[in-house]
Amino acid sequence: MDKQIKNNLPFYLFQRYDDNPILTTKNWPYPANAVFNPGAVEKDGQTILLARVEDMRGFSHLTRARSPNGFSNWEIDDHPTLTPVEKHNEEQWGIEDPRIIYLADQDKYAVTYVSFSTGGPVVSIAMTDDFSHFERLGCILPPEDKDASLFPCQIGGRYVLIHRPIIRGEAHIWISFSPDLKYWGEHRVLLPVRPGWWDNHRVGLGPPPIETPEGWLIIYHGVRITASGSLYRVGLALLDRDDPGKIIHRSDNWVFGPQVNYEYMGDVPGVTFPTGVIVNQLTGDLRMYYGAADKSIAVATSNLNDILDLLRSKSI
Amino acid sequence: MSLNNSYDELFQRDKNNPILSIDDWHYPVNSVFNCGATLLNGETLLLVRVEDRKGFSHLTTAISKDGITSWKIDTHPTLLPDPEHYPEEIWGIEDPRITYIEELQQYFIAYTSYSRGGPLVSLARTKDFVHFERCGAILPPEDKDAALFPVRFNGKWVMLHRPVSSTPGAPAHIWISFSPDLHHWGDHRILIRAREGGWWDANRIGLSPPPLAIPEGWLILYHGVRRTAGGVIYRLGLALLDLEDPTRLVRRSEEWIFGPRENYEREGDVDDVVFPCGWIADNDLVRMYYGGADSRIALATAKLSDLRDYITHCPQVDSIYGWS
């Protein structure tokens, strides 16, 4: 890395892909208003995105897109992959914003998503091993709650969840615990908003927690409300490996935010909303998938070692 | 010809109302209201929400032989917030609902903890209302008005509660949730919906005292909140859940059955509020203890046979499962 870039690393930490946005409604096999905020996972050498697709009623469902390299040649399901079911009345107004992790102890993928109930958004969970068939475990957190992801393993004998309840517009990141994925308790604040800062109004988990030798890397979004709308930007935090309720470090600065046209033009301008990350375990190279302006899907790349260097040196 | 233009009153106010006020307290407080109620060793025990001048609440017991007079009030706060071990209690604990669970030989208290992130539901248990053991925060914010059923259904404990969303146009319904162990909760579903438009219980409802078993099912007393130009009005309605399957709403009153009328219900820290958190069925008499205008405690009684007769003549509810 040359010196110029190194000195300005926070500004270069994430590189936008040249052909962004990688997925838009124009690519879609059926009519849609927006495709955004995808969960991401790598399986059998393919990148799988589970995209949030909003129809013209204003309701969302989830549809799978697959690519051999995670950037191009996307193969998109002809029909919605996961749609709301009436048996779960909390899904009445759609399902949104999936986060995916592989649970080794179950040899299954867990998808945590938002169900938009008539009483407000809630967190639901479904299990799958092929992304064609899903088994719902139901609504795991009542309204208003969003931006939830599991950790990929049990910690201290229990599953752990990060989520974001919202109260009268203000929202901190919380952590909760479960013996069985279905029933949750011991809810507590993990990462609060910071009055006056770029993340003063709301914070919420982005992609699922990333396991590193230094602890759990958290990519989160922070919201500042301005006179002309909301700015959704991205910050970092590191949680203790064995006690993820403990924050080791939190970035002062945001490290990624709306900058280019497709992040400013859309249903909600000024939004970069990462929901999935894929890390190459050998090189540390990572791809961060994000919804841009609640309209399309984009990807940015970085390297896990660079991120950890910056966090360790507390220079961001 | 004589006019009969008055509704039949199911609940009759006690002539000693308000039965408890800050003047009865052993230490200085701002208000005493919204109390849980149960029988303990043949006496009536109220677990009273007490608000101090910081604006924070704690819980204090008051015990009486007849449930009306001669209250023995704890000389000190009985259950204080413990933010050091339970950070969610930082701004106080409020509005307890008491359920005696025979299987576990203990009383369980669902109460509101006022956390930094908003009000949420906590649970504690006790045998004697002197020593309490906390189960921690069992639902994240914003959630209130929770109470347990006294028995398990299909092996699971069941709770009703009232989460609030800040999404515009999302009403506050009563939800039902399940637990294998009372600590961890899930399978949350909408149970009783706030009505819409001009109804007395449009947009915001919440459970009042814990569910009461009657031969016809589980009797539910709930509050509906009407927002007016001058503030809010809290009134009460009835509903009935299936005895075997409490996820089934069977009947629901169209009209409210009790609302603010007397001075002690109409004027206080929050005007026009009647807010029961406990009721005790003693043979055919039901004693309902309620907060009056967030300032004091009052009592109203009804005949259980009248309540049963009333609810079984309320309209049947068609569908609750599925989408509205």
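Cut-off values and rules
- Residues numbered from 1 in each chain as written.
- Chains lettered and ligands numbered in written order.
- Predicted model: local features only at pLDDT ≥ 70, side-chain atom pairs only at ≥ 80, totals over all residues.
- Heavy atoms only, no water.
- Helix = DSSP H or I, 4+ residues; strand = E, 2+ residues; numbered from the N terminus.
- Rg over C-alpha atoms; globule rule 2.2 N^0.38 Å.
- Contact = heavy atoms within 4.5 Å.
- Areas by Shrake-Rupley, 256 points an atom, 1.4 Å probe, with all protein chains shown as cover.
- Lys, Arg positive; Asp, Glu negative; His and termini not counted.
- Charge placed at Lys NZ, Arg CZ, Asp CG, Glu CD.
- Phe/Tyr/Trp six-rings, centres within 6.5 Å; stacked < 30°, edge-to-face > 60°.
- Buried < 20%, exposed > 50% of the residue type's maximum accessible area, 1.4 Å probe, protein only.
- Lys NZ or Arg CZ within 6 Å of the ring centre and 35° of its normal.
- Pairing = 2+ DSSP bridges.
- 1 Å grid on protein atoms, 1.4 Å probe; cavity = no way out; pocket = protein on both sides within 12 Å on 5 of 7 lines; lining within 4 Å.
- Points joined across faces, edges and corners; volume = space filled by probe spheres on them.
- Nonpolar A, V, L, I, M, F, W, Y, C, P; charged D, E, K, R; others polar.
- Patch = residues over 30% accessible without salt bridge, like charges linked within 9 Å, V, L, I, M, F, W, Y side chains within 5 Å.
- Salt bridge = Lys/Arg side-chain N within 4 Å of Asp/Glu carboxyl O.
- Buried area = accessible area lost by both parts, 1.4 Å probe.
- Polar contact = N/O pair within 3.5 Å; in protein donor to acceptor, adjacent residues only side chain to side chain.
- Core = buried A, V, L, I, M, F, W, Y, C linked by side-chain atoms within 4.5 Å.
- Axes fitted to C-alpha atoms, helices over the stretch in contact; angles between N-to-C directions.
- Arc of directions from axis to C-beta.
- pLDDT = per-residue confidence, 0-100.

1. Quick word on the overall build of chain B
Next up, step 1: The secondary structure content of chain B amounts to 2 helices and 21 strands.
Next up, step 2: Here the C-alpha atoms of chain B give a radius of gyration of 19 Å, agreeing with the 20 Å that 2.2 N^0.38 yields for 324 residues.
Next up, step 3: With respect to the principal axes defined by its C-alpha atoms, chain B has extents near 55 × 50 × 40 Å.
Next up, step 4: For chain B, the proportion of contacts with a sequence separation of at least 24, taken over those separated by at least 6, is 50%.
Next up, step 5: Accessible area for chain B stands at about 13400 Å²; split by element, carbon and sulfur atoms hold 46% of it.
Next up, step 6: Between the mean site of the 32 positive side-chain charges and the mean site of the 45 negative ones, chain B shows a separation of 2 Å.

2. Quick word on the environment of arginine 125 of chain B
Residues and elements named next belong to chain B.
Next up, step 1: With respect to the secondary-structure elements, arginine 125 resides in strand 8 (residues 118-126).
Next up, step 2: Expressed as a C-alpha distance, the spacing of arginine 125 and alanine 110, which sit 15 residues apart in the sequence, is 8.8 Å.
Next up, step 3: Leaving out residues up to four positions away in the same chain, arginine 125 has contacts with Gln106, Tyr107, Phe108, His131, Phe132 and Glu133.

3. Some words on unusual backbone geometry
Next up, step 1: With an omega of -10 degrees, the peptide bond between asparagine 20 of chain A and proline 21 of chain A qualifies as cis.
Next up, step 2: Mapped onto the secondary structure, proline 21 of chain A falls in the loop between strand 1 (15-16) and strand 2 (34-43).
Next up, step 3: Proline 18 of chain B follows asparagine 17 of chain B through a cis peptide bond whose omega is -15 degrees.
Next up, step 4: Along the chain, proline 18 of chain B falls in the loop between strand 1 (12-13) and strand 2 (31-40).
Next up, step 5: Unusually for a residue other than glycine, asparagine 41 of chain B sits at a positive phi of about 50 degrees.
Next up, step 6: You can see asparagine 41 of chain B is positioned in the loop between strand 2 and strand 3 (43-51).
Next up, step 7: A positive phi angle, near 55 degrees, is found at asparagine 283 of chain B, a position not held by glycine.
Next up, step 8: Looking at where asparagine 283 of chain B falls in the secondary structure, it is placed in the loop between strand 19 (274-282) and strand 20 (285-292).

4. Quick look at the packing of aromatic side chains
Next up, step 1: Overall, the coordinates contain 22 aromatic pairs over all chains when judged by the stated rule.
Next up, step 2: Aromatic pair tyrosine 102 of chain A and tyrosine 109 of chain A: ring centres 5.1 Å apart, planes at 55 degrees, arrangement tilted.
Next up, step 3: Judged by relative accessible area, which is 35%, tyrosine 102 of chain A ranks as partly exposed.
Next up, step 4: Arginine 195 of chain B extends its terminal NZ or CZ atom over the ring of tryptophan 199 of chain B, reaching a point 4.2 Å from the ring centre.

5. Things to note about the sheet that holds strand 4 (residues 60-67) of chain A
Residue and element names in this part refer to chain A.
Next up, step 1: Strand order in the open sheet formed by 4 strands is 2-3-4-5, and the pairing between neighbours is antiparallel. Every interior strand has two partners, whereas the edge strands, strand 2 and strand 5 (75-76), have only one.
Next up, step 2: Across 8 bridges, the pairing between strand 3 (residues 46-54) and strand 4 is antiparallel. By the bridge assignment for strand 4, alanine 51 is matched with threonine 63.

6. With respect to empty space enclosed by the protein
Residue and element names in this part refer to chain A.
Next up, step 1: This model, assessed by the stated rule, comprises 1 cavity of 30 Å³ or more.
Next up, step 2: Each pocket or cavity is described by its volume, and for the largest cavity that value is around 40 Å³.
Next up, step 3: As for the largest cavity, its lining consists of Ile162, Ile173, Leu190, Leu191, Leu205, Ile218, Ala237 and Leu239.
Next up, step 4: Of all the secondary-structure elements, those providing two or more residues to the lining of the largest cavity are strand 13 (185-191) and strand 17 (229-239).
Next up, step 5: A breakdown of the residues in the lining of the largest cavity according to their chemical character gives 8 nonpolar, no polar and no charged.

7. Some words on a negative patch on the surface
Next up, step 1: A cluster of like negative charges, contributed by Asp8, Glu9, Asp284, Asp306 and Asp309 of chain B, occupies part of the molecular surface.
Next up, step 2: For aspartate 8 of chain B, a relative accessible area of 74% translates into the label exposed.

8. Things to note about the interface of chain B and chain A
Next up, step 1: Facing 42 residues of chain B, the contacting portion of chain A comprises 42 residues.
Next up, step 2: When chain B packs against chain A, close to 3200 Å² is buried across both sides, 56% of that on carbon and sulfur atoms.
Next up, step 3: At the surface where chain B touches chain A, the tally comes to 0 salt bridges.
Next up, step 4: Counting every contact that joins chain B to chain A gives 13 residue pairs in polar contact (both at pLDDT 80 or more).
Next up, step 5: Within the residue set of the side of chain B that touches chain A, elements represented by two or more residues are strand 7 (106-115), strand 8, strand 9 (132-139), strand 11 (157-163), strand 12 (174-179) and strand 13 (186-192) of chain B.
Next up, step 6: Within the side of chain B that touches chain A, the residues separate by chemical class into 19 nonpolar, 15 polar and 8 charged.

9. Examining the pattern of salt bridges
Residue and element names in this part refer to chain B.
Next up, step 1: One pass over the structure, following the stated rule, counts 40 salt bridges over all chains.
Next up, step 2: For arginine 134, the salt bridge is made with glutamate 89, and the minimal N-O distance between the two is 2.9 Å. Remark: glutamate 89 occurs in the loop between strand 5 (72-73) and strand 6 (93-101) and arginine 134 occurs in strand 9; sequence separation between them is 45 residues. Taken as a pair, arginine 134 and glutamate 89 share a single burial class, namely buried.
Next up, step 3: Across the pair aspartate 201 and arginine 195 runs a salt bridge, and its minimum N-O distance is 3.0 Å.
Next up, step 4: Relative accessible area serves as the criterion here: at 0%, aspartate 201 is assigned to the buried category.
Next up, step 5: The buried category is assigned to arginine 195, whose relative accessible area is 14%.

10. Details of the nonpolar core
Next up, step 1: Counting 25 residues, the largest nonpolar core has Phe14, Leu217, Leu236, Leu286, Met288 and Ile307 of chain A as the members making the most contacts within it.
Next up, step 2: Listed by contribution, the elements that provide at least two residues to this core are strand 16 (215-226), strand 17, strand 19 (272-279), strand 20 (285-292), strand 21 (296-303) and helix 4 (304-312) of chain A.
Next up, step 3: The biggest single contributor to this core is helix 4 of chain A, with 5 residues.
Next up, step 4: If we skip the residues at most four places from it in the chain, leucine 236 of chain A touches Leu13, Leu217, Ile218, Ile219, Tyr220, His249, Arg250, Ser251, Val255, Ile307, Leu311 and Ile316 of chain A.
Next up, step 5: Leu219, Leu240, Tyr290 and Ala300 of chain B belong to the second-largest nonpolar core, a separate cluster that totals 24 residues.

11. Focus on the sheet that holds strand 8 of chain B
All names here are of chain B.
Next up, step 1: Pairing is antiparallel in the open sheet, where 4 strands are placed in the order 6-7-8-9. In this open sheet, the two strands that pair with only one neighbour each are strand 6 and strand 9. Going across the sheet, the axis of each strand differs from the next one's by a mean of 25 degrees, ignoring polarity.
Next up, step 2: As paired strands, strand 6 and strand 7 are joined by 7 bridges and run antiparallel to one another.

12. A short note on helix 4 of chain A
Residues and elements named next belong to chain A.
Next up, step 1: Leu304, Ile307, Leu308, Leu310 and Leu311 are the residues of helix 4 that are buried. Across the axial projection of helix 4, the buried residues extend over an arc of 160 degrees, all falling on one side.
Next up, step 2: Structurally, the start of helix 4 carries an N-cap: the backbone nitrogen of asparagine 305 is 2.8 Å from a side-chain oxygen of asparagine 303.

13. Quick word on the confidence of the model for chain B
Next up, step 1: In this model, chain B carries an average pLDDT of 95, and 97% of its residues clear a pLDDT of 70 or more.
Next up, step 2: The complex model carries a pTM of 0.91, and its ipTM stands at 0.86.

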